[in-house]
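Architecture at a glance
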Amino acid sequence: MHLDYQPITLNLETPFRIAHGTSLVRENVLVRIRAAGLEGLGEAAPVRQHHETQAGVMDYLAGLELPGDPFLLEEVMASLPPGSQAAKAAIDMALHDLQGKMLGVPLYRLWGLNPARAPETSFTLGLGPVAEVEAKARAAAERFSILKLKLDADEAGCLALVRAVRAAVDSRLVADANCAWTVDQALRLIPALADLGLEWIEQPLAEEDLEGLRKLHPESPLPIFADEPVRTARDIPRLAGCVDGVNIKVMKAGGLREAQRMIAVARAHDLQVMLGCMMETSVGITAAAHLAPLVDWADLDGNLTVTNDPFIGVLVEKGKLILPDGPGLGVRPRPAPAGTEDSGAKT
Ligand SMILES: [Mg+2]
């Protein structure tokens, strides 16, 4: 198999602010694996909080030799050296894409899944002044029925924001605190947020504060999802009893194969499953979307605010994920907007 990769800079529609920081662009890596005259596509979105970078992903991929058969996915993945989870995810995606293309079936069919069972995706609104978030919520409510609000440590600010958005739109609301609260803050805020109609809260406490989650969980009127402490299947058993569900991300898992294992482990511990994402093109988001029929909640919006996504894959209609029916990931190049084609004629 022949491995190729290239850096790609994603431009974001608006700066995206969460409790961890602000971003205007994202630097990802596209991976192509060729075998039997076909090409599998994958994408690495480096996870900043895990100290991954675009350069680190490319260093990892440089000179990597993959064994010859894309169907020996377990062996190929086991042969990879330790390092970038995002790079491994890109390789795993490209191999799955190749398998589907070689067999002529979409990934969801290869996995025995019904695409009609994919849950609606939420749409995430980054932190910002109340009026700004409220305006974004009004616009997003036209296209999505579930909005995810990012919250921070400013208690009064959180409540003012949620009240304003609640008054502005009829959408279902959920929220992600990205580790921003103490146990005491969470014990004050969550009941107030429940009164405002929020449906669940993601990662209220610091990443390693499982002790705090154990105190909070029985008192919380809202389901709690863990995100930051969830990387691979081995992180899930210790979260049972601390939370109601886990947010699984293909980039942190190191691929679709591990993400499927994580879903099985979460189910075995009676945990709900959310499928999340990073800022990615339609390659990464579509790959994750093929798993969506297996989960309770989808938060697969990372391609929707990218203004230069070179691909088309999964579509969203009124929040519903519409999986492509082409073979493999089913992702194809995005046609150039009318009037921008280069005729190629230099006469
Ligand atoms: Mg989160």
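In this text the structure is predicted, and so the values were computed from the model without any measurement.

The rules behind the values
- Residues numbered from 1 in each chain as written.
- Predicted model: local features only at pLDDT ≥ 70, side-chain atom pairs only at ≥ 80, totals over all residues.
- Helix = DSSP H or I, 4+ residues; strand = E, 2+ residues; numbered from the N terminus.
- Contact = placed C-beta atoms within 7 Å.
- Core = buried A, V, L, I, M, F, W, Y, C linked by C-beta atoms within 7 Å.
- Buried ≥ 20, exposed ≤ 12 C-beta atoms within 10 Å, placed from the backbone.
- Domains from an automatic or database assignment.
- Nonpolar A, V, L, I, M, F, W, Y, C, P; charged D, E, K, R; others polar.
- Pairing = 2+ DSSP bridges.
- Right-handed = clockwise from strand over helix to strand, strands pointing away.
- Expected span 1.5 Å × (residues − 1).
- Axes fitted to C-alpha atoms, helices over the stretch in contact; angles between N-to-C directions.
- Parallel < 35°, antiparallel > 145°, perpendicular 65-115°, else oblique.
- Left-handed = near helix turned anticlockwise from the far one by under 90°.

1. Digging into the environment of Phe123
For Phe123, the position within the fold is in strand E4 (residues 123–125). In sequence terms Phe123 and Arg143 are 20 residues apart; their C-alpha atoms lie 8.9 Å from each other. When residues no more than four places from it in sequence are discounted, the contact partners of Phe123 are Ala140, Phe144, Leu147, Lys148 and Asp301.

2. Some points on the nonpolar core
Val31, Ala90, Val246, Ile248, Leu275 and Val295 are the most contacted members of the largest nonpolar core, which has 104 residues in total. For this core, the leading source of residues is helix H3 (residues 85–103), giving nine residues. Inspection of this core shows a minimum of three residues originating in each of domain 1 (2–104) and domain 2 (115–333). Here Ile248 is in contact with Val230, Ala253, Ala259, Met262, Ile263, Val273, Met274, Leu275 and Gly276, once residues within four sequence places are set aside.

3. A word on the domain arrangement of the chain
Domains assigned within the chain are domain 1 (2–104) and domain 2 (115–333). Counting from both sides, the interface comprises 34 residues of domain 1 and, opposite them, 32 residues of domain 2. Going through the elements one at a time, strand E1 (2–18), strand E2 (21–35), strand E3 (38–44), helix H2 (73–79) and H3 are the ones with two or more residues in the side of domain 1 that touches domain 2. Counting residues per element, the side of domain 1 that touches domain 2 draws most heavily on H3, at eleven residues. Of the residues that constitute the side of domain 1 that touches domain 2, the class distribution is 16 nonpolar, ten polar and eight charged.

4. Some details on the environment of Val265
Among the secondary structure elements, Val265 is positioned in helix H10 (residues 256–268). Sequence-wise, Val265 and Thr232 are 33 residues apart; in three dimensions their C-alpha atoms are separated by 10.0 Å. Setting aside residues no more than four positions away along its own chain, Val265 makes contact with Ala233, Ile236 and Pro237.

5. With respect to the pairing of strand E5 (residues 146–150)
Among the five residues in E5, five count as buried, and that is most of the element. The side-chain alternation of E5 yields two buried faces, one formed by Ile146, Lys148 and Lys150 and the other by Leu147 and Leu149. With three bridges connecting them, E4 and E5 associate as parallel partners. Bridge pairing in E5 places Leu125 opposite Leu149. In terms of handedness, the path from E4 via helix H5 (residues 130–141) over to E5 forms a crossover that is right-handed. Regarding topology, helix H6 (residues 155–168) serves as the crossover connection from E5 to the parallel strand E6 (residues 172–176), and that connection is right-handed.

6. So, helix H7 (residues 183–195)
Its 13 residues give H7 an end-to-end C-alpha distance of 19 Å, which sits within 8% of 18 Å, the value for a rise of 1.5 Å per residue. When H7 is considered as a whole, its buried residues turn out to be Ala186, Leu189, Ile190 and Leu193. For H7, the elements touching its buried residues are H6, E6, strand E7 (198–202) and helix H8 (210–219). Backbone geometry just after H7 places Gly197 at a positive phi near 95 degrees.

7. So, the sheet that holds E5
Across the sheet, which stays open at both edges, the eight strands sit in the order E4-E5-E6-E7-E8-E9-E10-E11 with parallel pairing between neighbours. Each edge of the open sheet is held by one strand with a lone partner, namely E4 and strand E11 (297–298).

8. What about the packing of H6 against H7?
When two helices pack together, their arrangement is captured by the angle between the axes and the distance separating the axes. Where H6 meets H7, the axes come as close as 11 Å, and the angle between the chain directions of the two elements is 10 degrees. As the angle between them shows, H6 and H7 are arranged roughly parallel. Relative to H7, the crossing made by H6 is right-handed. Of the residues in H7, those touching H6 at Glu155, Cys158, Leu159 and Val162 are Gln185, Arg188, Leu189, Ala192 and Leu193. For the contact of H6 with H7, a count of residues per class yields six nonpolar, one polar and two charged.

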